[in-house]
Each structure stands twice: as structure tokens, then as C-alpha cells.
Amino acid sequence: MVLCAYVTFDDPDGHDDERETVLEAWRHTGIDGRAERWDDPEADWSAYDAVVVRSAWDYLDRRDEFLAWARRVEGVSRLLNPAVVLESNTDKTYLRDLGVPIVPTHWSSRDLPDHEEYVVKPAISAGARDTTRTADRAEAAARAAALEAAGRTPMVQPYLHMVESEGETSLLYFNRRFSHAVRRSPMLAPGMTGADNVRARPRTPAPDQVELAEKVLAAIPQPLLYARVDLVRLPSGDPALIELELTEPYLYLHQAPGSAARFAAALRELL
Ligand SMILES: Nc1ncnc2c1ncn2[C@@H]1O[C@H](COP(=O)(O)OP(=O)(O)O)[C@@H](O)[C@H]1O
Ligand SMILES: [Mg+2]
């Protein structure tokens, strides 16, 4: 029996509804899984054959602490995904370096391009936190300037209306093998909140989306137990990357029968 940590956070409201599903799938493949809070000072990470980051959903305000934890764990166990991956993936400036089509992004509050509608968001974020949608160019510039004043890197993008029609497509890969895909609900549409976990439906990705997702993954040399590739379409119709989730993505396991077993099999392969 191998022993693996399922890394979570202090989750009194039970936001992580995938934990039991994963632990059960692990059990079926002979992996003894224990849920551990990443910031639990009592946790003995060296006792684990692998430490798997899952719902570490409170790292945003403590990113330095989280990354220091990741490096420390990597010194005594097998961390998945690896610490260097977590470090680069928690700052969306990684989007500039992948060499794949991304949502057109202006990384400053100055000289904004003209868009019908703007999205302004910080490079370090999750769950659409501190993210603004506005048709007002001056307001977009002010939001970006406020982020800069707070020492943050702003991202200014055109609002892509296709997130409300076709919808964003997320492709899930376990140990680089395609598992499943979902259509996600728009997070910046009226009446939407950041809690998009449940608002997803299974979707068969189009060939051009699969092709781009695999190109994205090919740009990351490290082992990847899990990867979620979030894609949109530009007005030209071409697919583009909006986000690559390699840190603590929700995996939409309940939307795809068999996916938890594929996740467990991928972990076994990497051990
Ligand atoms: N340029 C955009 N056009 C339309 N919707 C956007 C845009 N940028 C972000 N969104 C919406 O906000 C959500 C969160 O943005 P994202 O870039 O994925 O950052 P994060 O998930 O880290 O907060 C997206 O899933 C999408 O619904
Ligand atoms: Mg996202």
C-alpha cells in the first residue's frame, strides 16, 4: 500500500466536494489517501510517498508561504504538481511565455487599446477575484492603475462574449492523458458569482481545442499529475488559452463518469 496526502485547506463549509470521490478512487487502486491541510504545522510530509495538491484554495493571500511550503515538502516527499510548476503557474504572466495563442492581453494601465468592453484582472488571482468587467475605458485604466499601485500586475483584456454563448471549455488531463472536458458558465455575466464549481456540463472538445490544449501541455517539461486547460475563442473563431490551471484546479470529476479512476491511475503511474 502506498500512502498519499490529499492536500486541502481549512474547509469548514465543505467547499471541496471532490475529496471523498478522489480518496475512494485512490483506495480502489491501492493508494491509502489522507486529507491534510497544507498549513497544518503537525503534518509529517515525509511519511507520504506522494503529496498531491488539491483544494489548497486559500493560498492567494499567502502565496509566498504556500510556495515555501511546496519547496519544503519537495525536500522530503514527491510533490505533485512539482514546486516549480506551482510557482510559475500561480502568476498569470506565465501566459506570455508558453508560445501559444492566448487572450489578447495588455499588461499595464497605460495606453489601453480600444475594446468595446474590458476585463481587468490581477496576474495573481483565482475565482475571478478582484476582476472587473466594464465598457468604460477610463474605468478600466483606473482599475489597472489601482492594481499597479498595490504592487500587482494588471491584465487588461477585451471581454469575450463567447463565454456566454459557446462558453469556456475546460479540458482535463491526468498524467498528460486526456480525461474529459466541460463547458463552464461565464463568471462575469450578470448574476454570476465566483462559485462556478457546479455550473459545468460535459462537453466533447472540438479537434482544434484538443490540438491547442496538447500544444499548451507540451510547453511544460515537468511531470503533471493534473492539468486543466481553459480555452475560449477569439472573434476570429480561433481557440485561445485563457488560463492553464496546474495548481489547485477543480477537476469536475462528478461531471465525468470514470474520471476519478483515471485520476487515480495517473497517480499510480507517477509513483
Ligand atoms: N477576457 C475575458 N472575457 C470574458 N470573460 C472573462 C475574461 N477574462 C475572465 N473572464 C471570466 O472570468 C473567469 C475567471 O478568469 P480567469 O482568467 O480564468 O482567472 P481566474 O480563474 O484565475 O480568476 C473566466 O472563467 C471567465 O468566465
Ligand atoms: Mg479561471
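Computed from a predicted structure; not experimentally measured.

Colleague: Explain the overall build of the protein chain to me, please; I cannot follow it from the model alone.
Modeller: On a plain count of helices and strands, the protein chain comes out with six helices and 12 strands. Along the first, second and third principal axes, the C-alpha atoms of the protein chain reach 60 × 40 × 35 Å. Put simply, the protein chain has 271 residues, and 54% of those count as buried. Contacts spanning at least 24 positions in sequence make up 70% of the contacts within the protein chain whose residues lie at least 6 apart. Carbon and sulfur atoms make up 49% of the accessible area of the protein chain, which totals about 11,900 Å². One finds the centroid of the 31 positive side-chain charges in the protein chain at a distance of 2 Å from the centroid of its 44 negative side-chain charges.

Colleague: How should helix H2 (residues 63-74) be read in this particular structure?
Modeller: Note on helix geometry: an α-helix contains 3.6 residues per turn, so any two residues three or four positions apart are oriented the same way. Taking 1.5 Å per residue as the helical rise, H2 with its 12 residues ought to reach 16 Å, and the 16 Å between its terminal C-alpha atoms agrees with that figure. Where H2 is buried, its residues touch strand S1 (2-8), strand S3 (50-53), strand S4 (79-80) and helix H3 (83-89).

Colleague: What's the story with the site of ligand 1 in this structure? I'm lost.
Modeller: Near ligand 1 you find 19 residues, and of these Lys92, Lys121, Ala128, Glu168 and Glu243 are the closest. In the model, a nitrogen atom of ligand 1 is placed 3.0 Å from a nitrogen or oxygen of the glutamine 157 side chain. Computed on the free molecule, ligand 1 has an accessible area of 530 Å², of which 99% lies beneath the protein chains in the complex. Within the residue set of the shell around ligand 1, elements represented by two or more residues are strand S5 (118-122), strand S7 (154-158) and strand S12 (239-245). Each of two domains, domain 2 (92-101 + 162-252) and domain 3 (118-159), supplies a minimum of three residues to the shell around ligand 1.

Colleague: Even after reading the chapter, I still don't get the sheet that holds S7, so can you show me in this structure?
Modeller: One key point about sheets: their strands pair by backbone hydrogen bonds, in either a parallel or an antiparallel sense. Pairing is antiparallel in the open sheet, where three strands are placed in the order S6-S5-S7. The open sheet has two edge strands with one neighbour each: strand S6 (132-134) and S7. Going from strand to strand, the sheet's axes swing by 20° on average, the running direction of each strand aside. Sheet topology note: the S5/S6 ladder contains three bridges and is antiparallel. The partner of tyrosine 118 across the bridge, within S6, is threonine 134. Along the sheet, helix H4 (residues 137-149) makes contact with S5, S6 and S7, crossing S5 at roughly 5°.

Colleague: Is there a simple way to explain the domain arrangement of the protein chain in this structure?
Modeller: Many authors give the size of an interface as the accessible area that is lost as the parts come together. For the protein chain, the assigned domains read domain 1 (2-88), domain 2 (92-101 + 162-252) and domain 3 (118-159). Across the contact, 11 residues belong to domain 2 and 11 residues belong to domain 3. For the domain 2 and domain 3 pair, buried surface summed over both sides reaches about 880 Å², with 60% attributable to carbon and sulfur atoms. Run the count over domain 2 and domain 3 and you get one salt bridge. For the salt bridge of glutamate 164 with arginine 133, the shortest nitrogen-to-oxygen distance reads 3.2 Å. If you look at where domain 2 meets domain 3, you find four residue pairs in polar contact (both at pLDDT 80 or more).

Colleague: Honestly, the nonpolar core in this entry has me stumped. Any pointers?
Modeller: Generally speaking, a soluble globular protein has its nonpolar side chains buried in company with each other. Trp26 and Trp69 are the most contacted members of the largest nonpolar core, which has 48 residues in total. Breaking this core down by element, the ones donating at least two residues are S1, helix H1 (19-28), S3, H2, S4, H3, strand S8 (168-174) and helix H6 (259-270). Mapped onto the domain boundaries, this core takes at least three residues apiece from domain 1 (2-88) and domain 2 (92-101 + 162-252). If we ignore the near neighbours within four places in the chain, the residues touching tryptophan 26 are Cys4, Ala5, Tyr6, Ile31, Gly33, Val52, Phe263, Ala264 and Leu267. Formed by 24 residues, the second largest nonpolar core is a distinct cluster that contains Leu98, Ala123, Leu171 and Leu246.

Colleague: I'm lost on the pairing of S12 in this one. Help?
Modeller: Across a regular strand the side chains alternate sides, sitting on one face of the sheet and then on the other. Of all the seven residues making up S12, seven are buried; the element is thus mostly covered by neighbouring parts of the structure. As paired elements, strand S11 (residues 226-233) and S12 share six bridges and run antiparallel to each other. By the bridge assignment for S12, valine 229 is matched with leucine 244. Counted between consecutive antiparallel strands, the loop separating S11 from S12 contains five residues, among which glycine 237 sits at a positive phi close to 95°.

Conventions we followed
- Residues numbered from 1 in each chain as written.
- Chains lettered and ligands numbered in written order.
- Predicted model: local features only at pLDDT ≥ 70, side-chain atom pairs only at ≥ 80, totals over all residues.
- Heavy atoms only, no water.
- Helix = DSSP H or I, 4+ residues; strand = E, 2+ residues; numbered from the N terminus.
- Buried < 20%, exposed > 50% of the residue type's maximum accessible area, 1.4 Å probe, protein only.
- Contact = heavy atoms within 4.5 Å.
- Areas by Shrake-Rupley, 256 points an atom, 1.4 Å probe, with all protein chains shown as cover.
- Lys, Arg positive; Asp, Glu negative; His and termini not counted.
- Charge placed at Lys NZ, Arg CZ, Asp CG, Glu CD.
- Expected span 1.5 Å × (residues − 1).
- Near = heavy atom within 4 Å.
- Polar contact = N/O pair within 3.5 Å; in protein donor to acceptor, adjacent residues only side chain to side chain.
- Domains from an automatic or database assignment.
- Pairing = 2+ DSSP bridges.
- Axes fitted to C-alpha atoms, helices over the stretch in contact; angles between N-to-C directions.
- Buried area = accessible area lost by both parts, 1.4 Å probe.
- Salt bridge = Lys/Arg side-chain N within 4 Å of Asp/Glu carboxyl O.
- Core = buried A, V, L, I, M, F, W, Y, C linked by side-chain atoms within 4.5 Å.

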